[in-house]
Amino acid sequence: PAGFAKAFLHKSGRIKFDLFSQLSYNGGIPNKELIPVDFQKLMEYRNTHGSFYQRMGIFIEEIGPGYARVTKTVTAEDLNPLDVPHGGVYFTMADTACGSAMSSHGHVAVTSNASYNFFRGAQVGDRLTAEAREVKTGKTLCVYDARVTDQDGTLLGTGSFTFYQLEQPLEF
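Draft legend 1. Structural context of the overall build of the protein. Tallying secondary structure elements over the protein gives three helices and eight strands in all. Taken across its 172 residues, the protein has 42% of its residues classed as buried. Across the protein, contacts joining residues at least 24 apart in sequence account for 58% of those joining residues at least 6 apart. Counting only carbon and sulfur atoms, one obtains 52% of the accessible surface of the protein, whose full area is about 9300 Å².

Draft legend 2. View of the side chain of S104. Structurally, S104 is set in the loop between helix 3 (87-102) and strand 5 (107-118). Reaching out from S104, the side chain makes a polar contact with the backbone oxygen of G64 at a distance of 3.5 Å.

Draft legend 3. Up close: the pairing of strand 4 (residues 67-73). Judged by how many residues are buried, strand 4 sits mostly within the fold: five of seven residues are covered. Here strand 3 (residues 59-64) runs beside strand 4; their pairing, made up of five bridges, is antiparallel. When the bridges of strand 4 are listed, I63 appears paired with A68. The antiparallel pairing of strand 3 with strand 4 creates a hairpin that spans two residues between the two strands, and G66 there sits at a positive phi of about 65 degrees. Across seven bridges, strand 4 lies against strand 6 (residues 127-137) in antiparallel orientation. Across the sheet, T71 pairs through a bridge with T129, a residue of strand 6.

Draft legend 4. The arrangement of the pairing of strand 6 in detail. Where strand 6 meets strand 7 (residues 141-149), eight bridges bridge the pair, whose relative direction is antiparallel. Across the sheet, A130 pairs through a bridge with V148, a residue of strand 7. The hairpin formed by strand 6 and strand 7 contains three residues between the paired strands.

Draft legend 5. Summary view of the sheet that holds strand 8 (residues 155-169). Within the open sheet, the six strands sit side by side as 3-4-6-7-8-5. Their pairing is antiparallel. Taken across any chain shown, the strands that pair with only one partner, and hence form the sheet edges, are strand 3 and strand 5. Going across the sheet, the axis of each strand differs from the next one's by a mean of 20 degrees, ignoring polarity.

Rules of the game
Residues numbered from 1 in each chain as written. Predicted model: local features only at pLDDT ≥ 70, side-chain atom pairs only at ≥ 80, totals over all residues. Heavy atoms only, no water. Helix = DSSP H or I, 4+ residues; strand = E, 2+ residues; numbered from the N terminus. Buried < 20%, exposed > 50% of the residue type's maximum accessible area, 1.4 Å probe, protein only. Contact = heavy atoms within 4.5 Å. Areas by Shrake-Rupley, 256 points an atom, 1.4 Å probe, with all protein chains shown as cover. Polar contact = N/O pair within 3.5 Å; in protein donor to acceptor, adjacent residues only side chain to side chain. Pairing = 2+ DSSP bridges. Axes fitted to C-alpha atoms, helices over the stretch in contact; angles between N-to-C directions.

Written out as structure tokens, the structure is:
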């Protein structure tokens, strides 16, 4: 089907893409197992089995090799006593995006360290987007950066998330 891609490590050490099938990549790590991942099914699974971010109203829109995008519309339930969205809203969006990008490798992983910088606040009704991109993939530690923006593209904050990747394949 259109829109599917296979990513693989070429003998040159670069990641190559082949259209019409979909496969996760090993991040360029020698001897790291390449696990096939259907990104559409992975996204559907995470959207239906992530009860915390479901409750938060966070929706995963896209997962690709080392990349993910999540969205959320700010509601009154997201506000803190100062009538602005609680910082946990932005942090959770960034963590969800980075964790979703990390899952593109096909292995179970857990957040081992995180840092988030708050720049601006949103308002009720704003549509927020968090995009995560892979920075570094190691055998066990992987680093992702996230950017959270509003519907106008205004940068609200950035985060850096480190994941510990287990040797356990994802099952979904």
